[in-house]
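# Observations on chain architecture
Below are the chains, spelled out letter by letter.
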Amino acid sequence: KARVICEYQDYLNFKLTGVLTSSACNAATRWHWDAKAAVEVEPFSEPKSGVRHYPGRPMSLYQSVGLSDLAQKLPQTCRNMGEVVGYLTPQAARDLSGKSSKSKNKGGGGGLELDTALPVIQGGPDAFVGMVGLGCVGQQQDEGQSQLCLITGSSHLHCLVLPLTTGNDGDDQTKTPNKSSGGMWGPYLNAPLPGLAFGEGGQSSTGSLLKWAKHEIFDDAMSYKEMDELASEIPIGSDGLLALETFQGSRTPVTDPLARGAMIGLTLSHTKAHIWRALMEAVCFGTRACLDALERSTGHPCETITLAGGIARSPLWLQMHADVTNKPIKVYGPDHNAPLLGCAILASVGIGIHPNVETAVRAMLPEPEIVYPNPQAVHDYNRIYQRVYSKLSSKIRPLVHSIHSIRNGHDEPTEEAFEDDEYVGMSVSNDRLPLSETTISPSLLACDFGSIRREVKRCMDAGATRFHVDVFDGVATNSPIAFTFGPDMVRMIAKAAKKHAFDNGLESPSLDLHMCVLDPARFVEPMAIVGATSFIFQWEAMYHAPPFARKKRALALAKSITDHKMKCGVSVNPETAIWRIKPLLASGLVSVVDVLAVKPGFGGQSFQSNVLKKILYLKEWRDRKGLTFDIMVDGGVTKETAKSVKEAGANVLVAGSFVFKHAQGIQAAMKELLI
């Protein structure tokens with residue numbers, strides 16, 4: 001029923017000038033607008049049809065959520081930060097000068113003398129105006145490099161500033177994915193200012209964490225400086241005490257409102273100084289995790305961090321941030337008010353003192369102090385981060401989720417935390433085995449078909465405990481060339497593998513069938529009979545059903561597979577988004593997800609690196625939901641790509657050409673993939 005919907009900042013500007021307009025920075029970062037289009041072209045109606053157009057507004061989004069009329073209720077114009085909104089109205093001038101009947105100046109006539117010639121300059125969200133006040137608005141000197149603006153206080157806000165270029169078609173673009181990934185928001189184009197973009201991450205509990213500890217655990221009479229002095233006497237790593245700072249949930253790199261804080265390794269020998277230092281270090285480790293995620297998501301390395309806020313008042317904590325992230329940190333002093341200076345910079349441009357923001361930044365910012373990382377501390381912190389902190393959150397997440405309801409007064413934990421709201425009612429299997437270490441699964445599609453028994457034995461002698469068998473019918477891939485193994489061949493492979501295992505005292509290997517066929521349900525029983533261990537069907541085979549029936553069809557197929565005593569797997573093409581298979585994964589029926597890094601059906605293809613983000617997202621989602629399926633990567637796996645794949649989160653690597661065509665043999669190939 002609202003007639004006008006706007007930001008409080010828009011309302012204040014309206015009261016000052018009588019002009020209702022939005023900030024382009026707000027529009028880009030919070031309203032999902034194409035801010036450049038919204039600034040350049042105001043809404044208009046077609047002369048003949050009268051159809052109303054709202055350039056830059058996400059009309060399809062409004063329609064999809066039932067808010068088709070939202071565009072006409074939001075401000076109809078948009079201004080960049082630093083541009084003139086309008087001029088004081090006579091009423092505003094009187095009120096602010098203390099001359100209005102409603103604004104009595106109790107100071108005896110000393111109010112400001114303001115008039116209607118005074119311009120009002122467009123601003124934006126406080127943190128993003130703070131980016132201006134920290135100077136994080138200039139084009140980078142080195143191509144592809146970025147700078148991180150770190151606003152600290154009760155929480156941390158991380159803004160990785162990226163250069164923005166113009167493509168051949170005139171559209172603005174960055175060398176980043178044009179969508180959010182993981183716990184990153186953005187990249188926001190033409191924000192905070194035209195010609196720039198940035199990705200955003202955050203930590204919810206940083207300064208507030210130390211405030212809580214000081215007031216609730218320690219002697220409140222001690223100052224923060226005194227607590228820092230005690231902590232400075234404690235060695236790096238707090239004598240084996242590690243904390244998680246996610247006391248109010250996690251924002252980046254994993255968005256998880258149910259995440260909670262933790263302290264691991266407490267002993268009776270630990271003191272309050274140890275706990276204080278462990279909490280400080282936890283915030284720094286969390287900052288590194290956020291930075292790693294932003295760099296990974298955007299593809300832009302961060303060279304420096306520019307910091308403002310409460311941490312600047314703690315030399316110890318400031319140095320910790322530099323050491324843990326291994327980045328030099330620029331700081332303008334403990335009392336540098338970045339948002340306030342940002343406002344002044346924008347105002348100076350708006351009234352013509354400076355021609356643009358970059359010039360104003362150079363003129364108005366002082367010289368920063370630079371805190372450099374300590375090489376030995378960097379080494380020590382990196383060891384702790386890699387060995388412990390980077391693994392801690394995912395390890396305890398299922399436990400934290402399962403006790404979530406206890407805090408709300410329930411008698412016992414529920415599995416509610418493991419379920420997507422969209423898929424409530426699907427149970428999560430609790431009888432799954434824990435995930436294994438990295439496993440190499442030789443793809444028999446690349447072996448010598450004429451000597452396949454010998455190839456199976458060679459792989460097993462080299463240590464293979466898992467085989468990948470591609471079953472293609474030539475129809476699903478629309479190619480008569482992509483026609484491979486049938487049930488009889490699978491029976492022969494399974495028989496040869498079991499016999500060699502029995503004769504040589506080896507572990508009987510798993511036989512994973514990748515079923516790239518038009519109708520996988522037809523093959524479930526035949527493949528179960530001939531000895532398949534896992535039946536991995538191609539998700540895209542579900543597309544032959546109407547959209548509303550795909551989930552039901554996939555669940556029925558998965559149930560049939562497990563009923564036939566095989567493990568169920570699902571495979572997705574490189575271009576298929578993970579969200580499409582979430583309902584199936586949430587059912588608990590799936591033991592392995594096969595992420596294809598090449599088009600299915602042909603060996604020897606090059607690895608498509610864009611699947612790394614898909615793997616990372618899948619791992620984070622799996623861990624957040626407490627699921628335990630394997631993540632398999634199939635196609636283009638070599639010594640060069642294996643490391644990235646494993647780092648992203650895959651634990652089963654399917655390799656064909658690299659294994660069977662390696663100059664030093666199968667064992668050497670498998671060893672290289674595991675390094």
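Refer to the structure presented above.
Counting starts from 1 at the beginning of each chain's written sequence and moves along it residue by residue. The predicted origin of the model limits local features to residues at a pLDDT of at least 70 and limits the giving and counting of side-chain atom pairs to 80 or more, whereas totals for whole chains, interfaces and linings rest on all residues. Hydrogens and water molecules were not included; the side-chain quantities draw on all heavy atoms of the structure.

## Here we look at the overall build of the chain
- Counting secondary structure elements, the chain contains 24 helices and 25 strands.
- Only protein chains enter the accessibility calculation, which uses a 1.4 Å probe. A residue is then buried if its area is under 20% of the maximum for its type, exposed if over 50%, and partly exposed in between. A buried classification covers 52% of the 675 residues belonging to the chain.
- For the chain, the accessible area works out to roughly 32,000 Å², and carbon and sulfur atoms hold 53% of it. Put simply, DSSP marks the helices as runs of H or I at least four residues long and the strands as runs of E at least two long, and each gets a number from the N terminus on. Per-residue accessibility takes into account occlusion by the displayed protein chains alone, with areas from the Shrake-Rupley method and a 1.4 Å probe.

## Some remarks on the packing of aromatic side chains
- In summary, the pairing rule links any two rings of Phe, Tyr or Trp, Trp by its six-membered ring, whose centres are within 6.5 Å, and it sorts them by plane angle into stacked for under 30 degrees, edge-to-face for over 60 and tilted for everything else. Summed over all chains, the structure comprises 11 aromatic pairs.
- When the centroid spacing of 5.1 Å and the interplanar angle of 70° are considered together, the rings of Tyr-188 and Phe-198 count as edge-to-face. On the criterion of sequence distance, the pair formed by Tyr-188 in strand E11 (residues 185-189) and Phe-198 in strand E12 (residues 196-203) is long-range, its members being 10 residues apart.
- Here Phe-198 falls in the buried class, since its relative accessible area comes to 0%.

## Some points on empty space enclosed by the protein
- With a 1 Å grid spanning the protein atoms alone, the term cavity applies to any set of points in which a 1.4 Å probe fits but cannot get out, the term pocket to an open set with protein on both sides within 12 Å along at least five of seven lines, and the term lining residue to any residue with an atom within 4 Å of a point. Grid points are joined across faces, edges and corners, and a volume is the space filled by probe spheres set on the points. Throughout the structure, instances matching the rule amount to 3 cavities of 30 Å³ or more.
- Taken as a whole, the second largest cavity holds about 50 Å³ of empty space.
- The wall of the second largest cavity is formed by Leu-244, Thr-246, Asp-256, Ala-259, Arg-260, Ser-393, Ile-396, Arg-397 and Val-400.
- Considering each element in turn, the lining of the second largest cavity owes the most residues, 4 residues, to helix H14 (residues 375-402).
- Of the residues contributing to the lining of the second largest cavity, the split by class is 4 nonpolar, 2 polar and 3 charged. Note on residue categories: nonpolar means Ala, Val, Leu, Ile, Met, Phe, Trp, Tyr, Cys or Pro, charged means Asp, Glu, Lys or Arg, and polar means any other residue, Gly included.

## Description of the packing of helix H22 (residues 639-648) against helix H24 (residues 666-674)
- Two elements in contact, H22 and H24, have axes whose closest approach is 8 Å; the angle formed by their N-to-C orientations is 40°. On the basis of the axis angle, H22 is oblique to H24. Counted together, Lys-639, Ala-642 and Lys-646 of H22 and Glu-672, Leu-673 and Leu-674 of H24 form the full contact between these two elements.
- Considering only residue class, the contact of H22 with H24 consists of 3 nonpolar, no polar and 3 charged. Lines fitted to C-alpha atoms define the axes here, with helix axes fitted over just the stretch in contact, and angles between the N-to-C directions of these axes take values from 0 to 180 degrees. Comment on the angle field: the value is read as roughly parallel under 35 degrees, roughly antiparallel over 145, roughly perpendicular from 65 to 115, and oblique elsewhere. Every residue pair with non-hydrogen atoms within 4.5 Å of one another is taken to be in contact.

## Brief notes about the sheet that holds strand E17 (residues 369-371)
- Paired strands are those between which DSSP finds at least two bridges. The 7 strands are arranged E11-E12-E8-E7-E15-E16-E17 in an open sheet whose pairing can be described as mixed. Of all strands in the sheet, those bounded by a partner on one side alone are E11 and E17. Ignoring strand direction, the axes of neighbouring strands in this sheet form an average angle of 25°.
- Bridging between strand E15 (residues 302-309) and strand E16 (residues 329-331) involves 3 bridges; their strand directions are parallel. In the strand pairing of E16, Leu-307 is matched with Val-331.
- Against the sheet, helix H11 (residues 315-325) engages strand E7 (146-152), strand E8 (156-163), E15, E16 and E17, with an angle of about 155° to E16.

## Points about the sheet that holds strand E23 (residues 590-596)
- The sheet built from 8 strands is open, its strands ordered E18-E25-E24-E23-E22-E21-E20-E19 with parallel pairing. Looking along the sheet, the strands with just one partner apiece sit at the ends: strand E18 (439-442) and strand E19 (466-472). Across this sheet, the average inter-strand angle for adjacent strands is 25°, counted without regard to direction.
- Looking at chain direction, E18 and strand E25 (residues 652-655) are connected through 4 bridges and run parallel. For Thr-439, the partnering residue across the bridge sits in E25 and is Val-652.

## Describing the environment of Phe-472
- Residue position: Phe-472 is located in strand E19.
- Along the chain, Phe-472 and Met-515 lie 43 residues apart, while their C-alpha atoms are 6.4 Å from each other.

## Regarding unusual backbone geometry
- Along the chain, Ala-191 connects to Pro-192 via a cis peptide bond; the corresponding omega equals 5°.
- Tracing the backbone through its elements, the reader meets Pro-192 in the loop between E11 and E12.
- The omega torsion across Thr-252 and Pro-253 is 5°, close enough to zero to call that bond cis.
- Within the secondary structure, Pro-253 sits in the loop between strand E13 (242-244) and strand E14 (262-264).
- We note that Asn-326 has phi near 55°; this positive angle belongs to a residue other than glycine.

## Concerning a nonpolar patch on the surface
- Together, Tyr-8, Tyr-11, Leu-12 and Phe-14 make up an exposed nonpolar region whose accessible area comes to about 470 Å².
- Within the secondary structure, Leu-12 is located in helix H1 (residues 8-17). Nonpolar side chains (Val, Leu, Ile, Met, Phe, Trp, Tyr) are joined into patches within 5 Å and like charges within 9 Å, using only residues with over 30% relative accessible area and no salt bridge. Salt bridge, as used here: a side-chain nitrogen of Lys or Arg that lies within 4 Å of a carboxyl oxygen of Asp or Glu.

## Quick look at the nonpolar core
- To define a nonpolar core, start from buried Ala, Val, Leu, Ile, Met, Phe, Trp, Tyr and Cys residues and group those joined through side-chain atoms within 4.5 Å. With 72 residues, the main nonpolar core has Met-527 and Phe-537 as its most contacted residues.
- No other element matches helix H17 (residues 487-504), which puts 6 residues into this core.
- In this view, Met-527 contacts Val-471, Gly-486, Pro-487, Val-490, Leu-513, Met-515, Ala-532, Phe-535 and Met-566; residues no more than four positions away in its chain are not counted.
- In this structure, Leu-162, Leu-210, Met-222 and Ile-396 belong to the second largest nonpolar core, which totals 53 residues.

## Focus on helix H7 (residues 126-133)
- Counted residue by residue, H7 has 7 buried out of 8 residues, so it is predominantly covered.
- Within the span of H7, buried status applies to Ala-127, Phe-128, Val-129, Gly-130, Met-131, Val-132 and Gly-133.
- The secondary structure elements touched by the buried residues of H7 are helix H2 (24-30), E7, E8, E12, helix H12 (338-350) and helix H13 (357-364).
- One or two steps after H7, the chain reaches Gly-135, where phi turns positive at roughly 80°.

## With respect to a negative patch on the surface
- The sign given to each residue is positive for Lys and Arg and negative for Asp and Glu; His and the chain ends receive no count. Charge positions are represented by NZ for Lys, CZ for Arg, CG for Asp and CD for Glu. The grouping of Asp-219, Glu-226, Glu-229 and Glu-233 at the surface amounts to a negative patch.
- With respect to the secondary-structure elements, Asp-219 resides in the loop between helix H8 (207-216) and helix H9 (224-231).

## Comments concerning the packing of H11 against H14
- Put simply, H11 and H14 touch, their axes get as near as 7 Å, and they point 70° apart. Here H14 runs roughly perpendicular to H11, going by the angle between their axes. Pair H11 / H14 crosses with right-handed handedness. Contacts between H11 and H14 involve Met-320, Asp-323 and Val-324 on the former and, on the latter, Ala-377, Val-378 and Tyr-381.
- Per-class residue counts for the contact of H11 with H14 are 5 nonpolar, no polar and 1 charged. Crossing chirality is assigned from the near helix's rotation relative to the far helix, an anticlockwise turn below a right angle marking it left-handed and a clockwise turn marking it right-handed.

## Focus: the pairing of strand E20 (residues 510-516)
- Within E20, 6 of the 7 residues are buried, leaving the element largely enclosed by the surrounding structure.
- As defined by bridge partners, E19 adjoins E20 across 7 bridges and the pair is classed as parallel. In the sheet register, Val-471 faces E20, and the bridge partner there is Met-515.
- Note on handedness: a clockwise path from strand one over the helix to strand two, with the strands aimed away from the viewer, defines a right-handed crossover. Remark: the E20/helix H18 (residues 524-529)/strand E21 (residues 534-538) crossover connection has right-handed handedness.

## A few points about the environment of Gly-656
- The residue Gly-656 is located in the loop between E25 and helix H23 (657-660) in this model.
- As a C-alpha pair, Gly-656 and Leu-444 span 212 residues in sequence and 6.6 Å in three-dimensional space.
- Other than its neighbours up to four places away in sequence, Gly-656 contacts Ser-443 and Ala-446.

## A word on H12
- In this model, H12 (13 residues) spans 18 Å end to end at C-alpha, consistent with the 18 Å of a helix rising 1.5 Å per residue.
- Among the residues of H12, those classed as buried are Ala-338, Leu-341, Gly-342, Ile-345, Leu-346, Ser-348, Val-349 and Gly-350.
- Those residues of H12 hidden inside the fold are in contact with strand E5 (84-87), strand E6 (119-121), H7, E15 and H13.
- Polar contact criterion, stated in full: a pair of N or O atoms within 3.5 Å, where within protein one must be able to donate a hydrogen and the other to accept it, and residues adjacent in sequence count only if both atoms are side-chain atoms. For H12, the capping residue at the N-terminal end is Asn-337, with a side-chain oxygen 3.0 Å from the backbone nitrogen of Leu-340.
- Directly after H12, the chain includes Gly-352, whose backbone phi takes a positive value near 90°. What a helix should span is 1.5 Å times the count of its residues minus one.

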